[in-house]
Structure formats: structure tokens, C-alpha cells
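Okay, here's what each chain looks like letter by letter:
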Amino acid sequence: MNIEFGLESWLSAWAWAMLALHFLCLGRYAMSIWSWVRRIPASAAAGDMAKIDSLSATLITVVIPCRNEAESLPFLLEDLGQQTVPLALLVIDDHSTDGTKNVAEAAGVKCIKNNGEGKKAALRQAHSQIKTPWMATLDADVRIGKNWALSMEHSINQSTSSAVGAILGTVRLNATPESAWERFQALEYGCLMAWIEGGVCAEKLAMGSGANSVYRTSTYPAESLNEGQASGDDAYALLAIKKHGSPIAWNSDPQAFATTQPVQNWTELWNQRARWASKTHDQADGETKSVGQLIAAVELTFLFALLGTISSSGVGFLWILVAAILKILLNEPLISRATRRYKLTMKSTDLLFFSWRYAALVWGAWWQLLRGNVKWKGRQL
């Protein structure tokens, strides 16, 4: 009986300790959310750009690294063909087996074979052939509006520093309004994008998406992409640009958005996020590391508090409920800001279930990393 009493007391103390620690983590999380929302700049108004002469010299070469993108590529090439300023296009075929090269050539776009293997080798090879002062990278599965290039050229012309090394654009997910699964992905990715955009504009982060980026050709760090990693060209390039002291700008104009599709299931989402987490390992920005640690602390302390509460006959269950509700409320400002900024769809139930779905995302991505089962384009990372 004394042993049982001692175990029950220990579990109860553990539950209360984890609850206290969890509320401390939530306090730090609240401060972070507040700072992230505050540093997000005002959006640029669509249509406020000075008109650029459509007969001017080509300023940007769009590079599209491809591996088995025959289904998606035609739509992006169609979008690029409708741009209101001239562009040079270059497709790099990374050993596709589905006729990707034929699709590009049928559209009249130059396509070369990747002499190496992987996206980073493709980008390094492409960089050696670019003649324009700027190069853009777009993923084959994104869609862009007809003024995407005009907006990017306007952003280049408006850059306050002639030393700007990269201009980043927003990537958003095109969720089906009726699908709660797709809406969650779009909202979660929108929050991530808002954090990154604010961090770049505040000069705290060197991060963006290679699915929608423009780089100064003369300073693009082609030799710093770390081809030993199958993914993460954007992360390594931007880190190298920052280390060399070149500013990184963000084009917040909605006309510069690139849109892509959500993944189909949890396994794909877990693998995607585990892949992103594995991109740069210990080379990440200090803020990236601290945010990752904060999210880990919030999720772990909640789990430990919940397990301790269940094991100690429900001691502190009311406070577990309070913590869950508090996290929902804390997430609201960032979710709402991302929804408005990136023109996303949100329903009332999305906010209620967001925290639980996000916890499942975090735990699933961690599990993929622990298993060492992270792949990209069929290649093991």
C-alpha cells in the first residue's frame, strides 16, 4: 500500500510539474507569436507597379529543375508564356523517366540534361549557362499569374540596395474550400510562410522557398549548395548569400504569389516536413533552431502532462483542458493574419482543430526522422 501510495504521489507530482512547465512554455510561445505577427510588413497593393517596357532587355532567366514532372510542367510553361515582360526559360531534366524533356521541347523551351544527379547539381549546371543579370527558380508544380515576372522586375528595380542577393516570393497552397484536410495544410503552411516572410524582412532569417525565388546571377552561390543533401537548395543558397553579407528582400505583392497543391495524405505530409527539417541540420539560423526547440518543448510538455494526468487518476485534467484552449487562442492571431495576407480559406472549425492536427504533424515528422525514412523524388536523404 505504501508503494502504491508513493507511486500515485510521484505521478501526481510529475503531472503538476509538467503542467507548470507547459504553461511556462506557452508563455514563451505567446511572446513569440506576438513578435512574429508584429514584424510582418504591410502587403504591397496589387497593381501599384510602374509599367515596365515590354520591349526592354530580358532581365530574368527562369530555371525549372525537373524530375518526372511531365504532368505538371505544361501548366507552368503556359503561365510563363503569358507573362507581360520578356523572360528566358531553361528546363533542367534530372534523369526523368516520364517524358519531361519532350514536354519542355514541345513547348519550345530549351531543356538540358542534368550531368550530375539531384536538384542542386541541376541548378549549378543551369547557373553556368545563364546570361541574364537575374535568375529565378520555380518548381514545376507551381502556378503563377500573368504579372508574376512584372512584379519581380518591379521589386528588382525598387530594391533599396544594389547589393541585394535574392528576392523571395510567397508560396501558398491552393486548398479546396470544402476539404478540411486541405484547408489545414494551407493554413499551417500560411503560418510558416508568415513567420519566414516576417523574419526575412526583419533580417532575422535567411530562408525562403526555391519554388518562388529570384537570385542575382553574379552572386548566386552555386558552389555552396551542398550536393551531398538531395534537397535544400534554397536553404543553402540563402544561408551562403547572408554569410557573404548580401541583403535578402521579400516581394509581398500578391501578383508575385506562386501557388501549389496540398499533399494527399498524412504520410506524404510527414515526409515533406521531415525533409524540410533535414535540409541544413546545424547550419540553420539561430532563430530557426530556437523556434524548433520551442515547438518541441510545447508539444513534449503537453504530452508528458497529459500522460501524467491520466496515470494519476485525472489530477489536473481541468488544467490540461485550459492549456489546450489557451493554445487554440494563442494560434489565432498568426492564423488569421496568414489567412488575410495570403488569401486563404478558413472556417470556424479550422481554428478549433488546428492545434491537434499540428501536433499530429510534428509527431509524425519526428517519427519519420527517427526512422531515417525521409525521401525526395525517390532518393533517400
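Residues numbered from 1 in each chain as written. Predicted model: local features only at pLDDT ≥ 70, side-chain atom pairs only at ≥ 80, totals over all residues. Heavy atoms only, no water.

**Considering unusual backbone geometry**
At Glu203, a residue that is not glycine, the phi angle is positive and equals roughly 60 degrees. For Glu203, a relative accessible area of 67% gives the class exposed. Even without being glycine, Lys343 reaches a positive phi, approximately 55 degrees. Structurally, Lys343 can be placed in the loop between helix 10 (317-341) and helix 11 (348-371). (Buried < 20%, exposed > 50% of the residue type's maximum accessible area, 1.4 Å probe, protein only. Helix = DSSP H or I, 4+ residues; strand = E, 2+ residues; numbered from the N terminus.)

**Some words on empty space enclosed by the protein**
If you walk through the whole model with that rule in mind, you get one cavity of 30 Å³ or more. What the largest cavity holds in volume is close to 30 Å³. Lining of the largest cavity is provided by Val171, Arg172, Leu173, Ala186, Tyr189, Gly190, Met193, Tyr342 and Leu344. Mapped by element, the contributors of at least two residues to the lining of the largest cavity are strand 7 (171-173) and helix 6 (180-201). If one sorts the elements of the lining of the largest cavity by residue count, helix 6 sits on top with four residues. Counted by class, the lining of the largest cavity contains seven nonpolar, one polar and one charged residues. (1 Å grid on protein atoms, 1.4 Å probe; cavity = no way out; pocket = protein on both sides within 12 Å on 5 of 7 lines; lining within 4 Å. Points joined across faces, edges and corners; volume = space filled by probe spheres on them. Nonpolar A, V, L, I, M, F, W, Y, C, P; charged D, E, K, R; others polar.)

**As for the sheet that holds strand 10 (residues 258-260)**
Taking strand neighbours across the sheet as the criterion, the three strands line up as 5-10-7 in an open arrangement whose pairing is mixed. Here the strands that pair on one side only, and so sit at the sheet edges, are strand 5 (143-144) and strand 7. Where strand 7 meets strand 10, three bridges bridge the pair, whose relative direction is parallel. The partner of Val171 across the bridge, within strand 10, is Ala258. (Pairing = 2+ DSSP bridges.)

**Concerning the pairing of strand 4 (residues 134-138)**
By the criterion of burial, strand 4 is predominantly enclosed, with five of the five residues buried. By the alternation rule, side chains of strand 4 split into Trp134, Ala136 and Leu138 and Met135 and Thr137, which are all buried. Direction of pairing for strand 1 (residues 60-66) relative to strand 4: parallel, over a ladder of four bridges. Within strand 4, the residue paired with Val62 across the bridge is Ala136.

**Regarding the nonpolar core**
Ranked by internal contacts, the top residues of the largest apolar core, which has 102 residues, are Ile60, Val62, Ile64, Leu80 and Trp148. Tallying contributions element by element places helix 6 first for this core, with 10 residues. Those residues within four positions of Ile64 in sequence are excluded, and the remaining contacts are Leu73, Leu76, Leu77, Leu80, Leu90, Val91, Ile92, Leu138, Asp139 and Ala140. (Core = buried A, V, L, I, M, F, W, Y, C linked by side-chain atoms within 4.5 Å. Contact = heavy atoms within 4.5 Å.)

**Remarks on the environment of Thr219**
Among the secondary structure elements, Thr219 is positioned in the loop between strand 8 (212-216) and helix 7 (233-243). Measuring from C-alpha to C-alpha, the distance between Thr219 and Ala166 comes to 9.1 Å, with 53 residues separating the pair along the chain.

**Concerning a nonpolar patch on the surface**
Together, Trp16, Leu318, Trp319, Leu321, Val322, Ile325 and Leu329 give the surface a local cluster of nonpolar side chains, amounting to about 690 Å² of exposed area. Sorting elements by how many residues they give to the nonpolar patch places helix 10 first, with six residues. With respect to the helices and strands, the residue Leu321 is situated in helix 10. (Patch = residues over 30% accessible without salt bridge, like charges linked within 9 Å, V, L, I, M, F, W, Y side chains within 5 Å. Areas by Shrake-Rupley, 256 points an atom, 1.4 Å probe, with all protein chains shown as cover. Salt bridge = Lys/Arg side-chain N within 4 Å of Asp/Glu carboxyl O.)

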